[in-house]
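Fold and contact review
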Amino acid sequence: MDQSTITACGDELYDAWRERRVLAPLRERFEGIRVEDAYAIQLRMIERRVAAGETIIGKKIGVTSKPVQDMLGVYEPDFGQLTSGMVCQEADGIDLNTLIQPKAEAELAFVLERDLIGPGITATDVIRATAYVTPCFEIVDSRIQDSNIRIQDTVADNASCGVFVLGDVKGDPRKLDLQLAGMTLVRNGDLHTTSVGAAVQGNPINAVVWLANTLGRLGLPFRAGEVILSGSQSPLLPVVDGDDLVCTIAGLGSCRARFHGKAAV
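No experiment lies behind these values; they were computed from the predicted model shown.

So, how was this worked out
Residues numbered from 1 in each chain as written. Predicted model: local features only at pLDDT ≥ 70, side-chain atom pairs only at ≥ 80, totals over all residues. Heavy atoms only, no water. Axes fitted to C-alpha atoms, helices over the stretch in contact; angles between N-to-C directions. Helix = DSSP H or I, 4+ residues; strand = E, 2+ residues; numbered from the N terminus. Parallel < 35°, antiparallel > 145°, perpendicular 65-115°, else oblique. Left-handed = near helix turned anticlockwise from the far one by under 90°. Contact = heavy atoms within 4.5 Å. Buried < 20%, exposed > 50% of the residue type's maximum accessible area, 1.4 Å probe, protein only. Pairing = 2+ DSSP bridges. Expected span 1.5 Å × (residues − 1). Disulfide = S-S within 2.5 Å. Core = buried A, V, L, I, M, F, W, Y, C linked by side-chain atoms within 4.5 Å. Polar contact = N/O pair within 3.5 Å; in protein donor to acceptor, adjacent residues only side chain to side chain.

1. Here we look at the packing of helix H1 (residues 3-19) against helix H3 (residues 35-51)
It is the contact of H1 with H3, at a shortest axis distance of 8 Å, that shows an interaxial angle of 50 degrees. Comparing their axes, H3 and H1 come out oblique. The handedness of the crossing between H1 and H3 comes out as right-handed. For the pair formed by H1 and H3, the contact residues are Ile6, Thr7, Cys9, Gly10, Asp11, Leu13, Tyr14, Asp15 and Trp17 on the first element and Asp37, Ala40, Ile41, Arg44, Met45, Arg48 and Arg49 on the second.

Right under this line is the structure:
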């Protein structure tokens, strides 16, 4: 794709996010669109959000499970950028009036206390650089019609980032078995799903290692203070007004996401 088309697509996705509307899949409108093109479109979309006053506060890792990789026809994760406008607080709940077609994922977040600059990052480096880990919910929110996505669509759309909420607990990754720690997801008082950290690239730490090294090759470091969402440990769960979700990671604690309002779709 040429630069003018990349810019136009990034602007279109930014406008769709701002106006809470959906677009036809990019892969159907631009034959031969590459993942590299999609990341360039993502960058333009994020540039627009930053120009409007937001700041970049972290990264998210997506497509970490084999079923999702099979669905999208890609066999490595993808990533998007987290901005200050995506942060929600547990106490406030999540306002669906700001979203389009939201679905919740329960996962583990890493908060860094020092920079991580790849390539060459190892699991030990990630653990040493982490201030704490905490359970969290990411609310993905595709701007693509009917969430009809393949890898090019979701990458261009900032890995379908919507909003996220972090738990209040702070765990030391040196004292937790993040691979085998079980997670439960309870919806409106009923157990919805269970999983373990190994569902994410064998260990959530591995996902962070992958992203640190991938970004390092692109000249993009992780900075101290950034939040890294390591990838979903639960199936995508559509949410509506009144839903109350709680994810609990054994040995760590819980995060709650309460929803109010009405999404656009």
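Picking up after the structure, the text goes on.
2. As for unusual backbone geometry
With an omega dihedral of 0 degrees, the bond running from glycine 118 to proline 119 counts as a cis peptide bond. By secondary structure assignment, the location of proline 119 is in the loop between strand E5 (102-112) and helix H5 (123-129). For alanine 159, which is not a glycine, the phi torsion comes out positive at approximately 55 degrees. Along the polypeptide, alanine 159 turns up in the loop between helix H6 (151-156) and strand E7 (163-166). By relative accessible area, alanine 159 is classed as buried at 4%. A positive phi angle is found at asparagine 188, which is not glycine, with a value near 50 degrees. According to the relative accessible area criterion, asparagine 188 is partly exposed, its value standing at 42%.

3. Comments concerning the pairing of strand E9 (residues 190-196)
Two faces, one strand: in a regular strand the side chains alternate between the faces of the sheet. Of the pairings in the sheet, the one linking strand E8 (residues 182-187) to E9 comprises six bridges and is antiparallel in character. By the bridge assignment, arginine 187 is partnered in E9 with aspartate 190. Hairpin connection between E8 and E9: a loop of two residues separates the two successive antiparallel strands, and asparagine 188 in this loop has a positive phi of roughly 50 degrees.

4. Here we look at the environment of isoleucine 127
If you trace the backbone, isoleucine 127 turns up in helix H5. Residue isoleucine 127 is classed as partly exposed on the basis of its relative accessible area of 22%. If we skip the residues at most four places from it in the chain, isoleucine 127 touches Pro173, Arg174 and Ile205.

5. Comments concerning H3
The end-to-end C-alpha distance of H3, which contains 17 residues, comes to 24 Å, matching closely the 24 Å that a straight helix rising 1.5 Å per residue would cover. Those residues of H3 that fall on the buried side of the exposure criterion are Asp37, Ala38, Ile41, Gln42, Met45, Ile46 and Arg49. Buried positions along H3 lie against H1, helix H2 (26-29), strand E1 (56-62), strand E2 (78-83) and H6. Positioned one or two residues after H3, glycine 53 has a phi angle of 120 degrees, which is positive.

6. Examining the state of the cysteines
According to the stated counting rule, one finds zero disulfides in the structure shown. With no disulfide of its own, cysteine 136 lies closest to cysteine 255 among cysteine sulfurs, the gap being 6.5 Å. You can call cysteine 136 buried: its relative accessible area is 0%. No disulfide involves cysteine 247; its sulfur sits 5.1 Å from that of cysteine 255, the nearest cysteine.

7. Section: the sheet that holds strand E12 (residues 244-249)
Spatially, E4-E13-E12-E8-E9 is the arrangement adopted by the five strands of the open sheet, whose pairing is mixed. The sheet terminates laterally at strand E4 (94-95) and E9, the two strands that pair on one side only. Alignment of E8 against E12, held across five bridges, turns out to be antiparallel. Considered in E12, the bridge of leucine 185 is made with cysteine 247.

8. Comments concerning the nonpolar core
Ranked by internal contacts, the top residues of the largest apolar core, which has 45 residues, are Ile94, Phe110, Phe137, Phe222 and Phe259. Listing elements by their share of this core, those giving two or more residues are E5, H5, strand E6 (130-141), E7, E8, helix H7 (204-217), E12 and strand E13 (253-260). By residue number, the principal contributor to this core is H7, which donates eight residues. In this structure, Ile6, Leu26, Ile144 and Ile149 belong to the second largest nonpolar core, which totals 17 residues.

9. Focus: H7
Helix length check: H7, at 14 residues, gives a terminal C-alpha distance of 21 Å against a target of 20 Å (1.5 Å per residue), a fit within 8%. The element H7 is extensively covered by neighbouring structure, given that 12 of its 14 residues are classed as buried. Along H7, the residues that are buried comprise Pro204, Ile205, Ala207, Val208, Val209, Trp210, Leu211, Ala212, Asn213, Thr214, Leu215 and Gly216. Turning to H7, the residues buried within the fold contact E1, E2, E5, H5 and strand E10 (227-232). Structurally, the start of H7 carries an N-cap: the backbone nitrogen of isoleucine 205 is 2.9 Å from a side-chain oxygen of asparagine 203. The first or second residue beyond H7 is glycine 219, which carries a positive phi of 80 degrees.

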